Amino acid sequence: MLTSRALVRGFKIGFWRPLSSTSSLQAVHGKDMSADVLDCTAPQYNNRLDTPLPDVPFVRKLNSEQKQLKDKEKGPWTKLTKDEKIALYRLTHELSFPEMRKGSDEWKSVLGGVFIFLGLSGVLVWWQRVYVFGEVPHTLSEEWVEKQTQRMLDMRVNPIGGFSYYWDYEKKQWK
Amino acid sequence: MAHPSQLGFQDAASPVMEELLHFHDHALMIVILISTLVLYIIVAMVSTKLTNKYILDSQEIEIVWTVLPAVILILIALPSLRILYLMDEINDPHLTIKAMGHQWYWSYEYTDYENLGFDSYMIPTQDLLPGQFRLLETDHRMVVPVESPIRILVSAEDVLHSWAVPSMGIKMDAVPGRLNQTAFVTSRPGLFYGQCSEICGANHSFMPIVIEAVPLEHFEKWSTVMLQDA
């Protein structure tokens, strides 16, 4: 019982508190988490191929160096160096178009996971067949199936497109 | 009966089943066409590079995808209704047989001329002769003359059962206190198997139906022998 209490406490401190946004917890930690909390009524930044000009720039709080760059931007753009132009782009956008289109290697992990679980299921099925299931009925022995098949052919089971259709009654063999 | 690992319907042993097979092919083709179209559209939408999604309305395509499904439904409904009414046609049967469902066997009564009645129990697996079909064989089969219209009156003595023979396209519920009528014509001689199709207790899976379609002379000999044995 003491172990479970320790476990619950550890879970609360290690896992729950960092994720919780309850303001009383925030006050305890002295952290102002409001900046990180998403206000869905205000315009947000997004990286999407179909909205090339997001509602707000990516970096909103500019430090003094960035403020200087922004002032330089108010002048003629031909005076900006290539690095400054890229820096200005990175201020207003998080990802460029090629970066957005890149995609990831996640599909490999997903496919691998799927194969692992398929394999586990296969192992489970095999194990069941060997260690759990009883004997099959005697009507599945080779001898019985032979006699049964012959009987099905004799009684012309599915003669049009199914079973007896594929038997050549003259040559006594499958077509 | 079905052959091993069979996926589709059994070959038709009656004209009604032939009609059902053709209708099934027709409906399935329509379903496959629609599914292929939808799958193609989904793949095209997911893999497009186009990004303008702000189309608001378009009358032409709305008309198309309202009228076209209606037309397709009519194309399915007309053959379906045709078969439905075909199955209910007056067919002047040569013979009337009563199939009564019990827990857990069928009993057949041929009462047109004499009083012939017998029970039809499944042959247990350990009593099968080599080559017989497990869970399908019965000790007494329902013998009928081939290529003759037969009327079957299906009912039950205790709980719900259902008298079904897939190769003839027959399934009729056996309701206690009710007589359900169905009819069939066997196109070819042979043995046609079916199984009880309404859950009826512990041995629901073990009360099969076997129809033996034979030429009329054989049928007459059989019914004489059965009457003598009774």
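Bear in mind the structure is a predicted one, so any value in this text is a computation, not a measurement. Think of each chain on its own: its residues are numbered from 1, step by step along the sequence as written. Starting at A for chains and at 1 for ligands, labels are handed out in the order in which the entities are written. Since the coordinates come from a predicted model, pLDDT governs what is reported: local features require at least 70, and pairs of side-chain atoms require 80 or more to be given and counted, while whole-chain, interface and lining totals use all residues. Where side-chain values are given, they derive from all heavy atoms of the structure, hydrogens and water being excluded.

1. Let's talk about the overall build of chain A
Part 1: Each helix and strand counted, chain A has 7 helices and 2 strands in total.
Part 2: Taken from the N to the C terminus, the helices and strands of chain A come in the order α-α-α-α-α-α-α-β-β.
Part 3: Here's how the labels work: a residue is buried when its accessible area is under 20% of the maximum for its type, exposed when over 50%, partly exposed in between, all with a 1.4 Å probe on protein chains only. Looking at chain A residue by residue over its 175 residues, the buried ones come to 17%.
Part 4: By sequence separation, contacts in chain A at least 24 residues apart represent 30% of the contacts at least 6 residues apart.
Part 5: For accessible areas, the Shrake-Rupley method is used with a probe of radius 1.4 Å. Any residue's cover is judged against the shown protein chains and nothing else. Carbon and sulfur atoms provide 61% of the accessible area of chain A, an area that totals close to 14,600 Å². Each helix is a run of DSSP H or I of at least 4 residues and each strand a run of E of at least 2, with the numbering of both proceeding from the N terminus. The criterion used for residue contact is that any of the two residues' heavy atoms lie within 4.5 Å.

2. Observations regarding the overall build of chain B
Part 1: When helices and strands are tallied, chain B shows 3 helices and 10 strands.
Part 2: Written out in order from the N terminus, the α and β elements of chain B read α-α-β-β-β-β-β-β-β-β-β-β-α.
Part 3: Relative to the compact-globule value of 17 Å for 230 residues, chain B shows a C-alpha radius of gyration of 24 Å, a clear excess of over 25%.
Part 4: Based on the C-alpha atoms only, the size of chain B along its principal axes is roughly 85 × 40 × 35 Å.
Part 5: Scored against the burial criterion, the 230 residues of chain B give a buried share of 36%.
Part 6: A fraction of 62% describes how many contacts in chain B between residues 6 or more apart in sequence connect residues 24 or more apart. We compute the radius of gyration from the C-alpha atoms alone; for a globule the expected value is 2.2 Å times N to the 0.38, where N is the number of residues.

3. Structural notes on the UniProt feature "domain: Cytochrome oxidase subunit II copper A binding" (unreviewed entry) in chain B
Part 1: Those places that UniProt annotates as "domain: Cytochrome oxidase subunit II copper A binding" (unreviewed entry) correspond, in this numbering, to residues 92-225 of chain B.
Part 2: Annotated as residues 92-225 of chain B, this span is 7% helix and 43% strand, and its ends, taken at the C-alpha atoms, are 27 Å apart. UniProt positions are given in the numbering used here, feature names are shortened, and annotations may be inferred rather than shown by experiment.

4. What to know about the interface of chain A and chain B
Part 1: Contacts between the two partners involve 20 residues from chain A, matched on the other side by 24 residues from chain B.
Part 2: A 1.4 Å probe defines the accessible area here, and the buried area is the portion of it lost by two parts on being joined, summed over both. Of the roughly 1,800 Å² buried where chain A meets chain B, counting both sides, 59% is carbon and sulfur surface.
Part 3: Among the residues chain A hides against chain B, the three largest losses belong to W144, R151 and N158 of chain A. Together they make up 31% of the total.
Part 4: Think of a salt bridge as a Lys or Arg side-chain nitrogen and an Asp or Glu carboxyl oxygen that are within 4 Å of each other. One can count 1 salt bridge joining chain A with chain B.
Part 5: We call two N or O atoms a polar contact when they sit within 3.5 Å, provided that within protein one can donate a hydrogen and the other can accept it, with sequence-adjacent residues counted only if both atoms are side-chain atoms. Summed over the shared surface of chain A and chain B, the result is 11 residue pairs in polar contact (both at pLDDT 80 or more).

5. Some thoughts on empty space enclosed by the protein
Part 1: Using a grid of 1 Å spacing that covers the protein atoms alone, one calls a set of points a cavity when a 1.4 Å probe fits there but cannot get out, and a pocket when the set is open and has protein on both sides within 12 Å along at least five of seven lines; lining residues are those with an atom within 4 Å of a point. Grid points are joined across faces, edges and corners, and a volume is the space filled by probe spheres set on the points. One pass over the full model with this rule turns up 1 cavity of 30 Å³ or more.
Part 2: Quantified by volume, the largest cavity comes out at close to 60 Å³.
Part 3: Considering the residues around the largest cavity, the lining is formed by M155, R156, V157 and N158 of chain A together with M1, D11, S167, R188, L191 and F192 of chain B.
Part 4: When residues are sorted by character, Ala, Val, Leu, Ile, Met, Phe, Trp, Tyr, Cys and Pro go into the nonpolar class, Asp, Glu, Lys and Arg into the charged class, and all the rest, Gly among them, into the polar class. For the lining of the largest cavity, a count of residues per class yields 5 nonpolar, 2 polar and 3 charged.

6. Considerations on the environment of L75 of chain B
All names here are of chain B.
Part 1: Following the sequence through the fold, L75 ends up in helix α2 (residues 59-87).
Part 2: The class of L75 is partly exposed, set by a relative accessible area of 45%.
Part 3: C-alpha of L75 to C-alpha of H26: the two residues are 49 residues apart in sequence and 9.4 Å apart in space.

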